[in-house]
Amino acid sequence: MDKPAPAAQRTLFERIIAREIPSKVVYEDENYIAIKDIAPKAPIHLLVIPKRVTARVDEITDPLEMGRLWLKATEIAREHAADYRLVVNCGAGGGQMVFHTHIHILAGWKDGPDSDT
């Protein structure tokens, strides 16, 4: 197994996974962690984070790995809301702020979100 990178080189999410930074964990298994977003954009805003680090979702090239990530996000979303939105930001130009692949689960609006985008 690879040695973990020094703290200065690890992503924010790696530090959360290692419990160096507190977070509100709503789900965890050996491959994923899901936490509440600290700056929510919806009444329910969770982040599903793979423990295997890739900087961007488009770096995942294995179809099984990609499928498992999306299935896990769907499973967690369904536990928290009947209706939801799954969002991935890819790269700085796509709004990504933490360069560790993650899926946003957004839900809980009374009358739905303001738009479909």
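The rules we used
Residues numbered from 1 in each chain as written. Predicted model: local features only at pLDDT ≥ 70, side-chain atom pairs only at ≥ 80, totals over all residues. Heavy atoms only, no water. Helix = DSSP H or I, 4+ residues; strand = E, 2+ residues; numbered from the N terminus. Rg over C-alpha atoms; globule rule 2.2 N^0.38 Å. Buried < 20%, exposed > 50% of the residue type's maximum accessible area, 1.4 Å probe, protein only. Contact = heavy atoms within 4.5 Å. Areas by Shrake-Rupley, 256 points an atom, 1.4 Å probe, with all protein chains shown as cover. Lys, Arg positive; Asp, Glu negative; His and termini not counted. Charge placed at Lys NZ, Arg CZ, Asp CG, Glu CD. Pairing = 2+ DSSP bridges. Polar contact = N/O pair within 3.5 Å; in protein donor to acceptor, adjacent residues only side chain to side chain. Salt bridge = Lys/Arg side-chain N within 4 Å of Asp/Glu carboxyl O. Core = buried A, V, L, I, M, F, W, Y, C linked by side-chain atoms within 4.5 Å.

Draft legend 1. Examining the overall build of the protein chain more closely. A count of helices and strands for the protein chain gives two helices and five strands. Ordered by position from the N terminus, the helices and strands of the protein chain form the series α-β-β-β-α-β-β. Here the protein chain has a C-alpha radius of gyration of 14 Å; the compact-globule value for 117 residues is 13 Å, and the two agree. Over its C-alpha atoms, taken along the principal directions, the protein chain stretches across nearly 45 × 30 × 30 Å. Here the protein chain holds 117 residues, and the buried ones make up 36% of them. Within the protein chain, residue pairs in contact and separated by at least 24 positions form 52% of the contacts whose partners lie at least 6 positions apart. A total of about 7,500 Å² of accessible surface is found on the protein chain, and carbon and sulfur atoms cover 54% of it. Where the 15 positive side-chain charges of the protein chain centre and where its 17 negative ones centre are 5 Å apart.

Draft legend 2. The pairing of strand β1 (residues 25-28), seen in detail. Bridge count between β1 and strand β2 (residues 32-36): three bridges; the pairing is antiparallel. Counterpart to Tyr-27 in the pairing with β2 is Ala-34. Here β1 folds back onto β2 in antiparallel fashion, the turn holding three residues.

Draft legend 3. Main features of the side chain of His-102. Within the secondary structure, His-102 is located in the loop between β4 (84-87) and β5 (103-107). Within the structure, His-102 has its side chain in polar contact with the backbone oxygen of His-100 (distance 2.7 Å). For His-102, the side chain forms a polar contact with the side chain of His-104, separated by 3.4 Å.

Draft legend 4. Main features of the pattern of salt bridges. For the structure on display, the rule yields eight salt bridges. Residues Arg-56 and Asp-58 are paired through a salt bridge, measuring 2.8 Å at the closest nitrogen-oxygen approach. By relative accessible area, Asp-58 is classed as partly exposed at 43%. One continuous salt-bridge network, built from bridges that share partners, spans Arg-10, Arg-15 and Glu-20.

Draft legend 5. Spotlight on the nonpolar core. Counting residues in hydrophobic clusters, the biggest one holds 13 residues, and the most contacted among them are Ala-34, Val-48, Leu-69, Ile-76, Ile-103 and Ile-105. Elements that contribute at least two residues to this core include exactly β2, β3 (44-50), α2 (63-80) and β5. Top element by residues in this core is α2. It accounts for four residues. In this structure, Leu-69 is in contact with Tyr-32, Val-48, Pro-50, Val-57, Ile-60, Thr-101 and Ile-103, ignoring residues within four places of it in sequence. Formed by eight residues, the second largest nonpolar core is a distinct cluster that contains Ile-33, Leu-47, Ile-49 and Val-98.

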